[in-house]
Amino acid sequence: MTVMAEVIVVGGGVVGLTTAVTLAERGLRVRVWSRDPAGATTSAVAGALWWPYRIEPAERVGDWALATLAVYEELSGAPRETGVRRVAGLHGGERLAALGAWSAGLRDAVEVPEGLRVTLPLLDMPVHLAWLERRLAAAGGAVERRAVTGFAEAAERSPVVVNCTGLGARELVPDAGVRPVRGQLVAVENPGIEEWYTEADPASAATTYFFPQPGRLVLGGTAEADDPRTEPDPGTAREIVARCARIRPEIAGARVLGHRVGLRPAREAGVRIGTEELPGGGLLVHNYGHGGAGVTVAWGCARAAAALVG
């Protein structure tokens, strides 16, 4: 039987768990309802470099992202426990003038002919998600494996429900503006690369990047809107490896460890943080629509949602 809670957070990815931790550490009795284990969520697939990428609304994203950056910089002091490291790298072709006002919060960004060199948080998501679950438990919260067909179901157990369902919000809210953006990755043995690299191609859905993670090098990627396929495409995988090898030729001969696909939960109108009343007078707080930047804004959005809980 499900335990009564003061708040039920629906969704167990990085946004849901971070929101649950924020609420629990404010003294609320919190339960997370998640259909999937954290390691099976879209968050677990993320390349997970902190950077405001493909996310709106621009006027709010900067504050959310910088609040999250401050937390990750603190967590990077214990990388094996939290999964957060500060790693140097290059944003190919990027310039500070093209970024938003939030770029003033970058401590050590330097423009070079090839782009923008900067040291940023890089998260090992399986480790980080497991750490969030432990932190939630330490604050008295818990995660329950439970598929949800509607928020009224959660409202029967709690006066406050927080919607962090990502792509699931399309049917549950329902919100037709929520769309899948397919991202495919390839994990290979790291041939000795210590810095990350990214370069976006504005003319296509392709983004070239590689992220050194413990025990592997993660190569990417794609951003294919309205593509719900979750099986890796062999041709796409070959293209990803070839693009990355043009930057670092040693990647071409790296042994492939695996393939992953995640569906980013994009929303046409940008992130939605707001409230509505549930049948019976319960409060529904929305926190969804983060696209490919849920990791980047997780703590800032969690605090904004927590403020609406009261």
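Shown above is the structure to which this text applies.
It should be emphasised that the depicted structure is a prediction, and the values quoted were computed from it without experimental measurement.

Moving on to the nonpolar core. Counting 63 residues, the largest nonpolar core has V9, W50, Y72 and V162 as the members making the most contacts within it. Top contributing element to this core by residue count: helix α9 (residues 294–309), with nine residues. Leave out the neighbours within four places in its chain, and V162 touches V7, I8, V9, V10, T19, L23, V285 and V309. Within the second largest apolar cluster, 16 residues are counted, among which are V186, Y197, L219 and C244.

Now for the pairing of strand β10 (residues 206–213). The element β10 is extensively covered by neighbouring structure, given that eight of its eight residues are classed as buried. Of the two faces of β10, the one lined by A206, T208, F210 and P212 and the one lined by T207, Y209, F211 and Q213 are each fully buried. Here strand β9 (residues 196–200) pairs with β10 via four bridges, running antiparallel. Bridging across to β10, E199 finds its partner in T208.

Turning our attention to the pattern of salt bridges. The full count for this structure, using the stated rule, is 19 salt bridges. Here R135 makes a salt bridge to E25, at a shortest N to O gap of 2.7 Å. One end of the pair, R135, is in helix α5 (residues 125–138); the other, E25, is in the loop between α1 (14–24) and β2 (30–34), and 110 residues separate them in sequence. Owing to a relative accessible area of 24%, R135 belongs among the partly exposed residues under this scheme. What makes E25 partly exposed here is its relative accessible area of 42%. The salt bridge partner of E73 is R107, with a shortest N-O separation of 3.5 Å. Highlighted residues: E73 in helix α3 (residues 58–75) and R107 in the loop between β3 (84–92) and β4 (110–112), separated in sequence by 34 residues.

About the cut-offs
Residues numbered from 1 in each chain as written. Predicted model: local features only at pLDDT ≥ 70, side-chain atom pairs only at ≥ 80, totals over all residues. Heavy atoms only, no water. Core = buried A, V, L, I, M, F, W, Y, C linked by side-chain atoms within 4.5 Å. Buried < 20%, exposed > 50% of the residue type's maximum accessible area, 1.4 Å probe, protein only. Helix = DSSP H or I, 4+ residues; strand = E, 2+ residues; numbered from the N terminus. Contact = heavy atoms within 4.5 Å. Pairing = 2+ DSSP bridges. Salt bridge = Lys/Arg side-chain N within 4 Å of Asp/Glu carboxyl O.

Note that all results are geometric; they support no functional claim without further evidence.
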